[in-house]
Amino acid sequence: MGVRKKQMAERIKAEKKKVAFAKLNNCPTSPRKMRLVADLIRGAKVENALAILRFNPKEASRKLEKLLLSALANWQAKNEDANVEDADLVVAEIRVDSGAMLKRLRPAPQGRAHRIRKRSNHVTLVLGSKNITEN
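These lines cover the structure that appears in this document, whether it is placed above or below. Numbering of residues starts from 1 in each chain and follows the order in which that chain's sequence is written. Since the coordinates come from a predicted model, pLDDT governs what is reported: local features require at least 70, and pairs of side-chain atoms require 80 or more to be given and counted, while whole-chain, interface and lining totals use all residues. As a convention, hydrogens and water are excluded, and side-chain values are obtained from all of the structure's heavy atoms.

**As for the overall build of the chain**
Along the chain, the regular secondary structure elements total 6 helices and 5 strands. When its helices and strands are written in sequence order, the chain yields α-β-α-α-α-α-β-β-β-β-α. Only C-alpha atoms enter the radius of gyration; for comparison, a globular chain is expected to reach 2.2 Å times N to the power 0.38, where N is the number of residues. Taking 135 residues into account, the globule formula puts the C-alpha radius of gyration at 14 Å, and the chain, at 19 Å, lies well above it. With respect to the principal axes defined by its C-alpha atoms, the chain has extents near 75 × 40 × 25 Å. Only DSSP runs of H or I covering at least 4 residues are called helices, and only runs of E covering at least 2 are called strands; the numbering of each starts at the N terminus.

**Let's talk about helix H2 (residues 31-41)**
Within H2, burial applies to Pro31, Met34, Val37, Ala38 and Ile41. The arc that holds the buried residues of H2, viewed along the axis, is 130°, so those residues lie on one side. Every exposed residue of H2 that faces more than 90 degrees away from the buried side is listed here: Arg32, Lys33 and Leu36. Buried-residue contacts for H2 involve strand S1 (20-27), helix H3 (46-54), helix H4 (59-78), strand S2 (89-98) and strand S5 (121-129). Taken from the residues just after H2, glycine 43 is the one with a positive phi, measuring 85°. Relative accessibility thresholds used throughout: buried, under 20% of the residue-type maximum; exposed, over 50%; partly exposed, between the two (1.4 Å probe, protein chains only). Comment: arc refers to directions from the helix axis out to C-beta atoms. What makes two residues a contact is simply this: any of their non-hydrogen atoms within 4.5 Å.

**Description of the side chain of serine 129**
Mapping serine 129 onto the fold places it in strand S5. Those residues in contact with serine 129 that sit more than four places away from it in its chain are Lys18, Ala87, Asp88, Leu89 and Val90.

**Digging into the sheet that holds S2**
When DSSP finds at least two bridges between two strands, those strands are taken to pair. Ordered by their spatial adjacency, 3 strands build an open sheet running S1-S5-S2, and the pairing between neighbours is antiparallel. Strand pairing shows two members of the sheet lacking a second neighbour, S1 and S2, which therefore form its edges. Between one strand axis and the next, the sheet turns through 15° on average, direction left out of account. Here 9 bridges tie S2 to S5, and the two strands are oriented antiparallel to one another. Residue leucine 89 lies in a different strand from S5, and its bridge partner there is serine 129. On the sheet, H4 packs against S1, S2 and S5 and is oriented at approximately 145° with respect to S1. Structural elements are reduced to axes, namely lines fitted to C-alpha atoms, with helices fitted over the stretch in contact, and the angle between N-to-C directions of any two is expressed from 0 to 180 degrees.

**Observations concerning the packing of H2 against H3**
Two packed helices can be described by the angle between their axes and the distance between those axes. Running from N to C, H2 and H3 cross one another at 145°; their axes reach a closest spacing of 9 Å. Note on packing geometry: the crossing formed by H2 with H3 is right-handed. Facing Val37, Leu40 and Ile41 of H2, the residues of H3 in contact are Ala49, Ile52 and Leu53. Each residue is assigned to one class: nonpolar for Ala, Val, Leu, Ile, Met, Phe, Trp, Tyr, Cys and Pro, charged for Asp, Glu, Lys and Arg, and polar for all the others, Gly among them. A breakdown of the residues in the contact of H2 with H3 according to their chemical character gives 6 nonpolar, no polar and no charged. By convention, the crossing between two helices is left-handed when the near helix turns anticlockwise from the far helix through less than a right angle, and right-handed when the turn is clockwise.

Next up, the structure:
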């Protein structure tokens, strides 16, 4: 490997060490309901985001709280020597995409049928340092 390529690879590796992510796939909640809760914590500090999710009455907040704790554990696994309180972590990015849809039929008047779409979603949560998100 050339010198320039090696330096670039080392720089990318160092940047990836500062960022941690977690994914939640096929969550059986509609994406619209999940986005309402995700918008509350986007860009927030991790401590504030955990407090918001813990006291939010929506069911989606329980799943996002668990996902945030998983991302925090992933960050700690990458940075064993660093302290979470000193790192000043924020929710750098949170994305809610629609997942697979279960299609069911419900009886309707006059012998017809209506389609019921049971939606699911995929959530991707990225934690980063505050100084990284400002750049």
